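Take a look at the letters that make up each chain.
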Amino acid sequence: MVERLRTGIEVLDRKLDGGIPAGSIVALDANPASQAELFLYELTATRGTLYLSLDRTGSSVSNAIRSSPTRTGDPTVRDVTGEAPLDNATKLISVLPESSNLIVDPIDILERQEPPRFRNFMNELQNHIYNTGSLALLHCLDGNDVPELRDTTHHMADIVFDLDTSVKGDRVENRLSIPKFRGGVAPSEVIKLELSEEVAIDTSRDIA
């Protein structure tokens, strides 16, 4: 039986039979204006984490994690800068230890590089995550300017989480669907989440 790695989000882990299969790459699609970062921060509480920031500075990410209302860990945060982000990210990922988390936030900047080089990066990432029994979470910004290589990311990812955020009346609603779950059965229903002090299930009832 494949080992399952907890996400730290209890309701999600229950619906996924204990968590995500070790060795998986997860693409988290979310609007840039959503609270999706709470997913990333809460994941750091589950095991050792390497957090690669592609747009914010490492200090700014570290400060955000420390001030997060959710449970968090003490991840190693590195900002990936320079004119060769794929090469720089690959070097950092190559030393990821066994049974770790890798967070890439956001993947968009890497998706804007040359297609053959990005595909090579994703293949190397897949091999390393599988060989170390780790979990990679790629934060995919689903805004007005989605990179052309997003389809490649979705195709190569083992699991796709789609977080939809909308305003209904006086409430902000967050619904998580899992359209892709390679090697397993994904929940068929949409999971309504409350993103506040912790990522939890939203028990409020829909009113037609």
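Details of the structure are given in the entry above.
First things first, this report covers the structure right here in the doc. Each chain carries its own residue numbering, running from 1 in the written order of its sequence. Where local features are concerned, this predicted model is filtered to residues with pLDDT of at least 70; where side-chain atom pairs are given and counted, the filter is 80 or more; whole-chain, interface and lining totals use all residues. To obtain the side-chain values, all non-hydrogen atoms of the structure were included, while hydrogens and water were left out.

**A short note on the overall build of the protein chain**
Right, so step 1: In terms of regular secondary structure, the protein chain is built from 7 helices and 11 strands.
Right, so step 2: For 208 residues, the compact-globule estimate of 2.2 N^0.38 gives 17 Å, and the protein chain sits close to it at 16 Å.
Right, so step 3: Using a 1.4 Å probe on the protein chains alone, a residue whose accessible area is under 20% of its type maximum counts as buried, one over 50% counts as exposed, and one in between counts as partly exposed. Taken over 208 residues, the protein chain has a buried fraction of 49%.
Right, so step 4: Long-range pairs, those at least 24 residues apart, make up 68% of the contacts in the protein chain with a sequence separation of at least 6.
Right, so step 5: Accessible surface, the protein chain as shown: approximately 10,300 Å² in total, 47% of it carbon and sulfur. A run of DSSP states H or I qualifies as a helix once it reaches four residues; a run of E qualifies as a strand once it reaches two. Both are numbered from the N-terminal end. In this setup the radius of gyration rests on C-alpha atoms only. A globule is expected at 2.2 Å times the number of residues raised to 0.38. Any two residues whose heavy atoms approach within 4.5 Å are treated as being in contact. Computed with the Shrake-Rupley method and a 1.4 Å probe, the accessible areas treat only the protein chains shown as cover for residues.

**Focus: the side chain of aspartate 13**
Right, so step 1: Within the fold, aspartate 13 resides in helix α1 (residues 10-15).
Right, so step 2: Two N or O atoms form a polar contact when they lie within 3.5 Å of each other; inside protein one atom must be a possible hydrogen donor and the other a possible acceptor, and for residues adjacent in sequence the pair counts only when both atoms belong to side chains. A distance of 3.2 Å separates the side chain of aspartate 13 from the backbone nitrogen of glycine 8, its partner in a polar contact.
Right, so step 3: Setting aside chain neighbours within four positions, we find aspartate 13 in contact with Arg6, Thr7, Gly8, Gly18 and Gly19.

**Some thoughts on empty space enclosed by the protein**
Right, so step 1: Each cavity reported here is a set of points on a 1 Å grid over the protein atoms alone in which a 1.4 Å probe fits but cannot get out, each pocket an open set with protein on both sides within 12 Å along at least five of seven lines, and each lining residue one with an atom within 4 Å of a point. Grid points are joined across faces, edges and corners, and a volume is the space filled by probe spheres set on the points. Scanning the model with the defined rule gives 1 cavity of 30 Å³ or more in all.
Right, so step 2: The calculated volume of the largest cavity comes to roughly 60 Å³.
Right, so step 3: If you trace the largest cavity, you find it lined by Thr7, Ile9, Ile20, Val26, Phe39, Leu43, Leu135, Leu137 and Phe161.
Right, so step 4: If you list the elements that add at least two residues to the lining of the largest cavity, you get α2 (37-43) and β7 (135-141).

**Description of unusual backbone geometry**
Right, so step 1: The omega torsion of the bond from aspartate 105 to proline 106 falls at -10°, within 30 degrees of zero and hence cis.
Right, so step 2: One can find proline 106 in the loop between β6 (101-105) and α5 (108-111).
Right, so step 3: Phi at aspartate 17 is positive, roughly 60°, even though this residue is not glycine.
Right, so step 4: Non-glycine residue serine 99 carries a positive phi angle of around 50°.
Right, so step 5: Among the structural elements, serine 99 can be located in the loop between α4 (85-93) and β6.

**Examining α4**
Right, so step 1: Those residues of α4 not exposed but buried are Pro85, Leu86, Ala89 and Ile93. When α4 is viewed along its axis, its buried side chains cluster within an angular range of 95° and face the same direction.
Right, so step 2: The inward-facing, buried residues of α4 abut β4 (49-53), β6, α5 and α6 (115-132). When we speak of the arc, we mean the arc of directions from the helix axis to the C-beta atoms.

**Thoughts on the packing of aromatic side chains**
Right, so step 1: The criterion for an aromatic pair is that two Phe, Tyr or Trp rings (for Trp, the six-membered ring) have centres within 6.5 Å, with stacked assigned to planes under 30 degrees apart, edge-to-face to planes over 60 apart and tilted to the rest. Evaluated as defined, the whole model comprises 2 aromatic pairs.
Right, so step 2: Ring centres of tyrosine 41 and tyrosine 51 lie 6.5 Å apart, and the angle between their planes is 35°; this geometry places the pair in the tilted category. Residue tyrosine 41 is found in helix α2, and its partner tyrosine 51 is found in strand β4; the two are separated by 10 residues along the sequence.

**Observations regarding helix α3 (residues 58-66)**
Right, so step 1: Every buried residue belonging to α3 is among Gly58, Val61, Ala64 and Ile65, and all of these are buried. The buried residues of α3 occupy one face: seen down the axis, they fall within an arc of 125°.
Right, so step 2: Those residues of α3 that are buried are in contact with α2, β4 and β5 (76-79).

**Some words on the pattern of salt bridges**
Right, so step 1: Here a salt bridge means any side-chain nitrogen of Lys or Arg lying within 4 Å of a carboxyl oxygen belonging to Asp or Glu. Inspection of the entire model under this criterion finds 12 salt bridges.
Right, so step 2: A salt bridge links arginine 71 to glutamate 42; the nearest nitrogen and oxygen atoms lie 2.9 Å apart. In this pair, arginine 71 sits in the loop between α3 and β5 while glutamate 42 sits in helix α2, placing the two residues 29 residues apart along the sequence.
Right, so step 3: By relative accessible area, which is 1% here, glutamate 42 ends up buried.

**A closer look at the packing of α4 against α6**
Right, so step 1: Contact pair α4 / α6: the axes reach a minimum separation of 11 Å and the direction vectors enclose 5°. Between α4 and α6, the crossing angle belongs to the class labelled roughly parallel. Packed against α4, whose contacting residues are Leu86, Asp87, Ala89, Thr90 and Ile93, the element α6 presents Arg117, Phe118, Phe121, Glu124, Leu125 and His128 at the interface.
Right, so step 2: Looking at the contact of α4 with α6 residue by residue, the class counts come to 6 nonpolar, 2 polar and 3 charged. For helices, the fitted axis covers only the stretch in contact; all axes are lines through C-alpha atoms, and the angles between them, taken along N-to-C directions, range from 0 to 180 degrees. Put simply, angles under 35 degrees are roughly parallel, angles over 145 are roughly antiparallel, angles from 65 to 115 are roughly perpendicular, and the rest are oblique. Residues are grouped as follows: Ala, Val, Leu, Ile, Met, Phe, Trp, Tyr, Cys and Pro are nonpolar; Asp, Glu, Lys and Arg are charged; all remaining types, including Gly, are polar.

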